[in-house]
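Listed below, chain by chain, are the residues.
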Amino acid sequence: MTRAADDEIEDSAAPLIEHLAELRTRLIKCVVAFMVGMIICFTVATPIFNFLTAPLCQVLAERGQNCDLIFIKPQEGFFVAIKVSLLGGFMLSFPYLANQMWRFVAPGLYKSEKGAFLPFLLASPFMFILGASFAFYVVTPLAYDFFLGFQQFGTGGEAVPAGDPQNRPGLSVVFQGSAQEYLNLTIKFIVAFGLCFQLPVLLTLMGKAGLVGAEGLKTMRKYAVVGILVLAALVTPPDVITQVILFVVVYGLYEISIFLVGRVERKRIEQLKAEGAWFEDDDDDDPLLAEFEDEDGDPEDREGRS
């Protein structure tokens, strides 16, 4: 009896060991791919960093200033190159990382589950790139224009020399930014907006799994507004224009999420009806189906059924 139980335990443990071995192999491949991407980006870290300074240089050029950044510490240049390599290596290797993740998860999914999960896996990086591009080309120029507005210049637009007797007390507050601090702030904007643009993907996937519903998201609108306002205050500078832009964009994504979740629910109801697993009595208790039928202009006679 004991021998049989031991054999059963060994049989059940074998698949787990195989999965762990496969997971280890794929993780090693992912680490190697990330390191290769990081090394490639490290060799061209300077052009990448110059590209990332475009929003700041644009704002400085409009103010008639040179685009100069400094190193406060001797090792700062090296760490700037490392951070650029980390960001670039991740983005460069992400398609391969996503492929490895998919190949590990896909064998355990049904065919219908594969068809449902794959679009979200493809939409996620697209939405992240869209959010990162919005942050880089729209938000960061506005943010740096706001920050640089606190400089103090002479009447002719030039910086006031500190030792000029004609300009006493000679106070001059001119931007001399740290390259590392600028990079940290820019990456913060890019990552924050990239993650915010994941909202429709996340909520739609949760709706596909039945964790959230369109009606529930509609009732949570007021809480979503408060949460988005708090988010805008945390990830943007104290500039009303930038905060309003973030609020409008993220709230628009929330409304899009409601629409997408509603479509997912309608398709699920239609599938259940086609399979004969949807009972007519469920229609009276489902506000989504009633709304769906009203939109199609073909409401059923509920009084006759009741």
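Residues numbered from 1 in each chain as written. Predicted model: local features only at pLDDT ≥ 70, side-chain atom pairs only at ≥ 80, totals over all residues. Heavy atoms only, no water.

K.L.:
I would appreciate a short explanation of the overall build of the protein in the present structure.
P.N.:
In terms of helices and strands, the protein carries 13 helices and two strands. Among the 306 residues that make up the protein, the fraction classed as buried is 32%. At a minimum sequence separation of 6, the contacts of the protein that also span at least 24 residues come to 72%. Only carbon and sulfur atoms are counted for the fraction: they give 66% of the accessible area of the protein, which is about 18900 Å². (Helix = DSSP H or I, 4+ residues; strand = E, 2+ residues; numbered from the N terminus. Buried < 20%, exposed > 50% of the residue type's maximum accessible area, 1.4 Å probe, protein only. Contact = heavy atoms within 4.5 Å. Areas by Shrake-Rupley, 256 points an atom, 1.4 Å probe, with all protein chains shown as cover.)

K.L.:
When you look at the side chain of Thr204 in this model, what are you seeing that I'm missing?
P.N.:
Structurally, the position occupied by Thr204 is in helix 7 (residues 199-208). There is a polar contact of 2.5 Å between the side chain of Thr204 and the backbone oxygen of Pro200. Apart from the residues lying within four places of it in its own chain, the contact partners of Thr204 are Phe120, Leu260, Val261 and Val264. (Polar contact = N/O pair within 3.5 Å; in protein donor to acceptor, adjacent residues only side chain to side chain.)

K.L.:
Could you clarify how one ought to interpret the environment of Val84 in this entry?
P.N.:
In this structure, Val84 sits in helix 4 (residues 76-105). Note: C-alpha distance between Val84 and Thr46 (38 residues apart in sequence) is 8.7 Å. If we skip the residues at most four places from it in the chain, Val84 touches Ala45, Ile48, Phe49 and Leu183.

K.L.:
Help me understand helix 2 (residues 45-52), please; the structure alone is not making it clear to me.
P.N.:
Residues spaced three or four apart along an α-helix face the same direction, because each turn holds 3.6 residues. Buried within helix 2 are the following residues: Ala45, Phe49 and Leu52. With its buried residues spanning 55 degrees around the axis, helix 2 presents them on a single face. Opposite its buried face, helix 2 presents the exposed residues Thr46 and Pro47, each directed more than 90 degrees away. (Arc of directions from axis to C-beta.)

K.L.:
Which parts of the structure should I look at to understand the packing of aromatic side chains?
P.N.:
Describing an aromatic ring pair means giving the distance of the ring centres and the angle of the ring planes. Applying the stated criterion across every chain, the model contains 10 aromatic pairs. Seen in terms of ring centroids, Phe78 and Phe79 are 5.6 Å apart; in terms of plane orientation they differ by 70 degrees. Their pairing is edge-to-face. With relative accessibility at 47%, the residue Phe78 sits in the partly exposed group. Members of the aromatic cluster, joined through ring pairs, are Phe51, Phe136 and Tyr137. (Phe/Tyr/Trp six-rings, centres within 6.5 Å; stacked < 30°, edge-to-face > 60°.)

K.L.:
Help me out: how do you make sense of the side chain of Thr186 in this one?
P.N.:
Locating Thr186 in the fold gives a position in helix 6 (residues 179-196). Owing to a relative accessible area of 1%, Thr186 belongs among the buried residues under this scheme. A polar contact is formed between the side chain of Thr186 and the backbone oxygen of Tyr182, at a distance of 2.9 Å. Those residues within four positions of Thr186 in sequence are excluded, and the remaining contacts are Leu52 and Tyr144.

K.L.:
I'm lost on the state of the cysteines in this one. Help?
P.N.:
Every disulfide links exactly two cysteines, by a covalent bond between their sulfur atoms. Counted under the stated rule, the structure contains one disulfide. Between Cys57 and Cys67 runs a disulfide, and the two sulfur atoms are separated by 2.0 Å. Note on the Cys57 and Cys67 pair: the S-S dihedral is about -65 degrees, so by sign convention the disulfide is left-handed. Here Cys57, found in helix 3 (residues 54-62), pairs with Cys67, found in the loop between helix 3 and strand 1 (69-70); they are 10 residues apart in sequence, far enough to count as distant. (Disulfide = S-S within 2.5 Å.)

K.L.:
It is not clear to me how the packing of helix 2 against helix 4 should be interpreted in this structure. Could you clarify?
P.N.:
When two helices pack together, their arrangement is given by the angle between the helix axes and the distance between those axes. The contact between helix 2 and helix 4 brings their axes to 9 Å, and the two run at 80 degrees. When the axes of helix 2 and helix 4 are compared, the pair comes out roughly perpendicular. Residues Ala45, Ile48 and Phe49 of helix 2 pack against Val80, Ala81, Val84 and Ser85 of helix 4. Residues that form the contact of helix 2 with helix 4 fall into these classes: six nonpolar, one polar and no charged. (Axes fitted to C-alpha atoms, helices over the stretch in contact; angles between N-to-C directions. Parallel < 35°, antiparallel > 145°, perpendicular 65-115°, else oblique. Nonpolar A, V, L, I, M, F, W, Y, C, P; charged D, E, K, R; others polar.)

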